[in-house]
Amino acid sequence: MLTAAPDIEVLVRFGRALADPVRCRILLALREAPAHPADLADTLGVSRTRLSNHLACLRDCGLVVAVPVGRRTRYELADARLGHALDDLRTAVVAVESDRTCPEAATEGCC
């Protein structure tokens, strides 16, 4: 069981990063391959300003890093294990979603 404050803070930062659909899409895109912001903005269909704000959040959370490439900057996941964690998390959530056995889910909206 996680009880150490640093462990909990890391999970909170990860949860905050995943709380926004655009940031989730960025992380999933970077899971596939590193990318430049302009390319990410085009791929995700968001403005470059909006993308920049989300990339700053992901950098602050320690999930992505900016790598200078000449006069441009390329973004990538801070650690390859994050890609595996995203895959595992997505698989687990999909499995739980398809097997909703909570009896209060329909009335309480909790699950």
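Not measured: the values here are computed from a predicted model.

## Digging into the packing of helix 2 (residues 21-32) against helix 4 (residues 48-60)
Between helix 2 and helix 4, the least distance of the axes is 10 Å, while the angle of their chain directions is 75°. Considered as vectors, helix 2 and helix 4 are oriented roughly perpendicular to each other. Across the interface between the two elements, Val22, Arg23, Ile26 and Leu27 of helix 2 pack against Arg50, Leu51, His54, Leu55, Cys57 and Leu58 of helix 4. Looking at the contact of helix 2 with helix 4 residue by residue, the class counts come to 7 nonpolar, 1 polar and 2 charged.

## Here we look at the pairing of strand 2 (residues 72-77)
When a strand is regular, its side chains alternate between the sheet's two faces. Bridge count between strand 1 (residues 64-69) and strand 2: 6 bridges; the pairing is antiparallel. Across the sheet, the residue bridging to Val64 is Leu77, located in strand 2. Joining the antiparallel neighbours strand 1 and strand 2 is a turn of 2 residues, in which Gly70 adopts a positive phi near 65°.

## Overview of helix 4
Taking 1.5 Å per residue, 13 residues should reach 18 Å; helix 4 reaches 18 Å between its end C-alpha atoms and fits that length. With its phi angle positive at about 80°, Gly62 sits one or two positions after the end of helix 4.

## Quick word on the pattern of salt bridges
Taken as a whole, this structure holds 6 salt bridges when the rule is applied. Arg31 is paired through a salt bridge with Asp87; the nearest N and O atoms lie 2.7 Å apart. With Arg31 in helix 2 and Asp87 in helix 5 (residues 80-98), the pair connects residues that are 56 residues apart, well separated along the chain. What makes Arg31 partly exposed here is its relative accessible area of 23%.

## Quick notes on the side chain of His36
Assignment of secondary structure puts His36 in the loop between helix 2 and helix 3 (37-44). Judged by its relative accessible area of 15%, His36 is buried. Apart from the residues within four sequence positions on either side, His36 is in contact with Val69, Arg72, Thr73 and Arg74.

## Topic: the side chain of His54
On the secondary structure map, His54 appears in helix 4. Exposure remark for His54: the relative accessible area of 9% places this residue in the buried category. If near-sequence neighbours (up to four positions away) are discounted, His54 is found in contact with Asp20, Val22, Arg23 and Ile26.

## Observations regarding the nonpolar core
In this structure, Ile26, Leu27, Leu30, Leu51, Leu58, Leu63 and Val64 are the most contacted members of the largest nonpolar core, which totals 22 residues. Of all the secondary-structure elements, those providing two or more residues to this core are helix 1 (5-18), helix 2, helix 3, helix 4, strand 2 and helix 5. With sequence-adjacent residues up to four places away left out, Leu30 is seen in contact with Ala35, Leu40, Val64, Tyr75, Glu76 and Leu77.

Rules used throughout
Residues numbered from 1 in each chain as written. Predicted model: local features only at pLDDT ≥ 70, side-chain atom pairs only at ≥ 80, totals over all residues. Heavy atoms only, no water. Axes fitted to C-alpha atoms, helices over the stretch in contact; angles between N-to-C directions. Helix = DSSP H or I, 4+ residues; strand = E, 2+ residues; numbered from the N terminus. Parallel < 35°, antiparallel > 145°, perpendicular 65-115°, else oblique. Contact = heavy atoms within 4.5 Å. Nonpolar A, V, L, I, M, F, W, Y, C, P; charged D, E, K, R; others polar. Pairing = 2+ DSSP bridges. Expected span 1.5 Å × (residues − 1). Salt bridge = Lys/Arg side-chain N within 4 Å of Asp/Glu carboxyl O. Buried < 20%, exposed > 50% of the residue type's maximum accessible area, 1.4 Å probe, protein only. Core = buried A, V, L, I, M, F, W, Y, C linked by side-chain atoms within 4.5 Å.

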